[in-house]
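# Report on the structure
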Amino acid sequence: MSKLTGFTGLSRRSSAKETQDSSKSQEKITTVSTRRNITTGTSPMPLRLTENDRANLNLWLEVLEAESGKNITAAKLFRGLINMKDKINTKVLIRSINDVT
């Protein structure tokens, strides 16, 4: 018996699959995602302020916005203060907290 030469059903399927795979890889669009700082997983921290303290905070935020040219919220201000906690004089801060309360 001699071996048959030519295309069989399996060889036709595999060759058709190879051509489809090569055409799919050329048409495929890749998307790149960036990781954002997501804070929605944490619960919000309430900040209770008197009307005078809230007005002073808003005035301070307006001054900071005018100097930086960017929109600054109270949350951004607190994050900035937390970031620079090592540079703040703790004795003066504690004295100021005691004077206010």
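The structure displayed is predicted, hence computed values, not measured ones.

Thresholds applied
Note on numbering: residues in each chain are counted from 1, in written sequence order. Residue-level local features of this predicted model are given only where pLDDT is at least 70; pairs of side-chain atoms are given and counted only at 80 or more, and the full residue set underlies all totals for whole chains, interfaces and linings. Values shown for side chains rest on all heavy atoms present in the structure; no hydrogens or waters enter the calculation. For helices the rule is a DSSP run of H or I covering at least 4 residues; for strands it is a run of E covering at least 2, with both sets numbered from the N terminus onward. The rule is simple: take the accessible area with a 1.4 Å probe, protein chains only, and divide by the maximum for that residue type; under 20% is buried, over 50% is exposed, in between is partly exposed. Surface accessibility in these figures is a Shrake-Rupley result with a 1.4 Å probe; residues are shielded only by whichever protein chains are displayed. Residues form patches when they are more than 30% accessible in relative terms and have no salt bridge. Like charges link within 9 Å. Nonpolar side chains (Val, Leu, Ile, Met, Phe, Trp, Tyr) link within 5 Å. For this analysis, a salt bridge means a side-chain nitrogen from Lys or Arg found within 4 Å of a carboxyl oxygen belonging to Asp or Glu. The quantity known as pLDDT measures the predictor's confidence residue by residue, on a range of 0 to 100. All axes here are fitted lines through C-alpha atoms, helices being fitted over the stretch that makes contact, and every angle between N-to-C directions spans 0 to 180 degrees. We call two directions roughly parallel when the angle between them is under 35 degrees, roughly antiparallel when it is over 145, roughly perpendicular when it lies between 65 and 115, and oblique otherwise. Contact between two residues is taken to exist if any of their heavy atoms lie within 4.5 Å; hydrogens are not considered. Multiplying 1.5 Å by the helix residue count minus one yields the expected span of that helix.

### Some remarks on the overall build of the protein chain
Secondary structure summary: the protein chain contains 4 helices and 0 strands in total. Taken from N to C terminus, the helices and strands of the protein chain fall in the order α-α-α-α. Here the protein chain, with 101 residues, has 4% of them falling under the buried criterion. Accessible surface for the protein chain amounts to roughly 10,400 Å². Of this, 55% is attributable to carbon and sulfur atoms.

### Observations regarding the environment of R54
Its location among the elements puts R54 in helix α2 (residues 51-68). Taking relative accessible area as the criterion, R54 reaches 41% and is therefore assigned partly exposed.

### As for a nonpolar patch on the surface
On the surface, L47, L49 and F78 cluster together to form a nonpolar patch covering roughly 220 Å² of accessible area. Take F78: its relative accessible area is 34%, and that puts it in the partly exposed class.

### A few points about the confidence of the model for the protein chain
Counting all residues, the mean pLDDT for the protein chain is 80, and 71% of those residues have values of 70 or more. Mean pLDDT in the protein chain bottoms out at helix α1 (residues 9-27), which sits at 63, and peaks at α2, which reaches 94.

### Some remarks on the packing of α2 against helix α3 (residues 74-83)
When two helices pack together, you describe them by how their axes are tilted relative to each other and by the distance separating the axes. Remark: α2 packs on α3, axes separated minimally by 10 Å, with the N-to-C direction vectors making an angle of 80°. Classified by the interaxial angle, the pair formed by α2 and α3 is roughly perpendicular. Each of L57, W60, L61 and L64 in α2 lies in contact with α3, whose residues at this interface are A74, L77 and L81.

### Concerning α2
Its 18 residues give α2 an end-to-end C-alpha distance of 25 Å, which sits within 8% of 26 Å, the value for a rise of 1.5 Å per residue. Once α2 finishes, G69 follows within two positions and takes phi at roughly 80°, a positive value.

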